[in-house]
Amino acid sequence: MLQIKLHRHSAQRSGTGQHQTSAAFPTGISIHRLDSRPHTSQLLISASVSGGNDKRRGYSTRALPAETHVDVVGFGNLCVDAVLPMEELPPADRGIRRQLLDTLTRSPPDRSSWEVGGNCNFMVAASRLGLQVASVGHIGTDIYGEFMDEVLRSEGIHATTQIAPSRSKPPQPLELTSAQSTPNGASTSGAHLDSTLICFVLVDPESRHAFCSRYDFGPWPLLEGIRALPGKATSVLRSARAVFTNGFIFDELPLEAVQGACTDAIQHGAAIFFDPGPRCQTMLEGPRRAALDLLLDLSAVVLMTEEEARVVTGLDDPEAAAQWVLARPGCRAEWVVVKMGGQGALLCARTDASSNCSSNRSGTTNGKGNRKENGGCGCKDSGSSTALTTTTRLGAVKVEVLDTVGCGDSFAAAVVMGFISGWPGDVTLALANAVGGATATGRGAGRNVARLEKVLALLEDGARGAADGGLEQAASFARAQELLLQSLASRQHLREQSREQQLSAAA
């Protein structure tokens with residue numbers, strides 16, 4: 001039996017006494033007692049039952065009323081993280097990690113180690129910025145699904161969390177058949193449909209991370225056989241101004257289902273935001289390359305780290321990589337954002353109506369809107385017209401970094417807010433750098449991502465010239481702070497008006 005060495009951080013790191021134990025089953029581990037602050041929902045929506053025979057609750061697929069619109073939907077990648085400190089991280093060997101996953105999943109770790117993860121990081125950050133947020137994804141009728149449902153509700157996120165019908169229902173066209181073959185010849189009976197995805201976040205004493213989940217082993221997609229989403233999920237996507245997804249979506253759903261959902265959302269006015277994430281390493285050839293190309297083409301905004309940009313494009317320079325994406329034949333993206341960690345971020349924006357370039361001209365701004373022309377991008381002639389782009393760079397906010405998990409997800413929430421609100425690129429990057437920086441000052445993701453008060457404090461620091469870039473970029477941070485406060489005030493006013501109307505109607 002695999003013996004797992006678990007390690008508790010010192011009091012300075014986690015608030016617990018230093019202790020270590022050796023266990024075959026990591027049960028009863030007290031790790032992080034997580035915050036569960038109250039959060040007032042922006043809308044009160046009655047729950048409807050969808051799927052499952054779970055006797056503990058009426059399982060949630062909470063559809064929005066037809067007249068309600070949301071700002072952004074987090075599409076797919078719903079998981080619960082179980083944070084497990086370990087003496088040392090496991091090796092990369094696939095067999096050892098498979099054995100580790102089997103051992104960890106035999107018995108649930110203590111609830112104090114649980115936190116929502118995946119796209120939940122993005123959605124919590126977006127909700128705290130004042131956006132109306134909904135989720136469309138899949139969780140099971142198990143204790144982890146119940147936990148996630150509770151957290152999403154508490155953060156004001158409207159959850160549609162069973163896009164795969166329950167196995168207990170009569171077979172429907174969207175369901176898995178009773179015995180499908182997997183790529184390796186094994187058969188599946190829809191075992192994942194009632195199972196919430198768990199990602200074990202393994203943390204060593206130096207705060208380095210490793211992740212272990214079903215995503216790593218397949219067979220992919222985990223929800224194979226779903227050709228389209230159910231009606232309630234489709235209605236939520238149609239109500240959205242923006243849809244955010246990442247490369248993990250193709251570990252869950254077939255290409256056909258993702259394409260149909262995104263195309264339909266676009267036709268109803270949504271902008272697609274795509275972050276290929278670490279799964280881009282697996283999306284360089286074959287069907288998964290087709291999946292990557294699909295979302296690069298459909299997205300209005302593409303977000304990548306420097307390393308991901310290098311993997312996707314083969315280019316070392318982040319600006320050249322961003323221009324490469326915009327120059328793709330058929331690309332409809334308006335922004336490409338490259339996250340550069342401590343160096344801040346850059347945003348390459350299309351400034352004309354054409355789709356691609358053969359000798360792409362670009363400009364670079366310094367955060368004040370001053371642009372200088374650069375040379376061509378060097379892409380091959382695709383027969384399309386020239387696309388003029390501008391590139392904005394903005395320095396990072398200065399923070400004491402405790403943990404980088406969730407920083408990119410929360411950064412993306414701010415980019416969505418800036419884009420759908422029509423903010424300039426430099427102002428959007430200022431907010432995104434502040435939100436990402438605020439998340440880095442805490443430990444863990446989920447409910448531990450950026451809080452509004454910390455974001456406003458970092459924007460204030462940037463407005464005083466305390467961020468990288470100094471006074472030269474201070475105006476961008478000051479404008480971001482001003483617009484964020486205006487947005488929050490406006491949304492609060494609308495909520496109060498809505499409550500008054502509801503009270504009047506009830507009277």
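Scroll up a little and you will see the structure.
The structure displayed is predicted, hence computed values, not measured ones.

Draft legend 1. Local environment of the pattern of salt bridges. Going through the model one piece at a time under the given rule, you end up with 21 salt bridges. In this structure, D102 engages R98 in a salt bridge whose closest nitrogen and oxygen atoms are separated by 2.9 Å. Pair noted here: D102 and R98 are both in helix α2 (residues 94–105), with a separation of four residues, about one helical turn. A relative accessible area of 31% means that D102 is categorised as partly exposed. With a relative accessible area of 33%, R98 lands in the partly exposed category. The residue D293 makes a salt bridge to R328 at a minimum N-O spacing of 3.5 Å.

Draft legend 2. Local environment of helix α7 (residues 255–267). Along its 13 residues, α7 runs 18 Å from first to last C-alpha, staying within 8% of the 18 Å computed at 1.5 Å per residue. Residues of α7 that are buried in the fold lie against β3 (70–75), α5 (231–238), β12 (240–246), α6 (249–252), β13 (271–275) and α8 (286–298). Looking one or two residues past α7, G269 carries a phi angle of roughly 100 degrees, positive in sign.

Draft legend 3. Fine view of the packing of α7 against α8. At a minimum axis distance of 11 Å, the contact between α7 and α8 shows a crossing angle of 5 degrees. One element, α7, and the other, α8, form an angle in the roughly parallel class. Contacts from L255, Q259, C262, T263 and I266 of α7 reach α8 at A290, A291, L294, L295 and L298. Split into classes, the residues belonging to the contact of α7 with α8 amount to eight nonpolar, two polar and no charged.

Draft legend 4. Geometry of the nonpolar core. Among the nonpolar cores identified, the biggest contains 80 residues, and F273 and L431 are the most heavily contacted of them. In terms of residue count, the dominant contributor to this core is helix α11 (residues 407–421) (nine residues). Here L431 is in contact with A414, M417, W423, V455, L459, A480 and L484, once residues within four sequence places are set aside. Within the second largest apolar cluster, 51 residues are counted, among which are V70, I163, A233 and V236.

Draft legend 5. Representation of helix α4 (residues 143–154). Given a rise of 1.5 Å per residue, twelve residues ought to cover 16 Å, and the 17 Å separating the end C-alpha atoms of α4 matches this to within 8%. Considered for burial, the residues of α4 that qualify are Y144, G145, F147, M148, D149, V151 and L152. Those residues of α4 that are buried lie in contact with β4 (78–85), β5 (114–118), α3 (119–128), β6 (133–136), β7 (157–160) and β10 (198–203). Where α4 terminates, the next one or two residues include G156, which has phi positive at roughly 75 degrees.

Draft legend 6. Layout of the packing of helix α9 (residues 306–313) against helix α10 (residues 318–326). Between α9 and α10, whose axes approach to 9 Å, the crossing angle comes to 50 degrees. Judged on the interaxial angle alone, α10 and α9 are oblique. With respect to the hand of their crossing, α9 and α10 are arranged in left-handed fashion. For the pair α9 and α10, contact is made by E306, A309, V312 and T313 and by P318, A321, W324 and V325, respectively. Broken down by class, the residue content of the contact of α9 with α10 amounts to six nonpolar, one polar and one charged.

Draft legend 7. Representation of the packing of aromatic side chains in the model. A full pass over the atoms with the stated rule returns six aromatic pairs. Ring centres of W114 and F147 lie 5.4 Å apart, and the angle between their planes is 80 degrees; this geometry places the pair in the edge-to-face category. Taken as a pair, W114 in strand β5 and F147 in helix α4 lie far apart in primary sequence, 33 residues in all. Overall, the relative accessible area of 4% leaves F147 in the buried class. When the centroid spacing of 4.1 Å and the interplanar angle of 15 degrees are considered together, the rings of F122 and F244 count as stacked. Note that F122 is positioned in helix α3 and F244 in strand β12, a separation of 122 residues in sequence. In terms of burial, F122 and F244 fall into one category: buried. One aromatic cluster is present, formed by W114, Y144 and F147 through successive ring pairs. Between the NZ or CZ atom of R288 and the centre of the ring of W220, over which it lies, the distance is 5.7 Å.

Draft legend 8. Fine view of unusual backbone geometry. Geometrically, the link from W220 to P221 is a cis peptide bond, its omega value of -10 degrees lying close to zero. Within the chain, N77 stands out as a residue other than glycine whose phi angle is a positive 55 degrees. You can see N77 is positioned in the loop between β3 and β4.

Thresholds applied
Residues numbered from 1 in each chain as written. Predicted model: local features only at pLDDT ≥ 70, side-chain atom pairs only at ≥ 80, totals over all residues. Heavy atoms only, no water. Salt bridge = Lys/Arg side-chain N within 4 Å of Asp/Glu carboxyl O. Helix = DSSP H or I, 4+ residues; strand = E, 2+ residues; numbered from the N terminus. Buried < 20%, exposed > 50% of the residue type's maximum accessible area, 1.4 Å probe, protein only. Expected span 1.5 Å × (residues − 1). Contact = heavy atoms within 4.5 Å. Axes fitted to C-alpha atoms, helices over the stretch in contact; angles between N-to-C directions. Parallel < 35°, antiparallel > 145°, perpendicular 65-115°, else oblique. Nonpolar A, V, L, I, M, F, W, Y, C, P; charged D, E, K, R; others polar. Core = buried A, V, L, I, M, F, W, Y, C linked by side-chain atoms within 4.5 Å. Left-handed = near helix turned anticlockwise from the far one by under 90°. Phe/Tyr/Trp six-rings, centres within 6.5 Å; stacked < 30°, edge-to-face > 60°. Lys NZ or Arg CZ within 6 Å of the ring centre and 35° of its normal.

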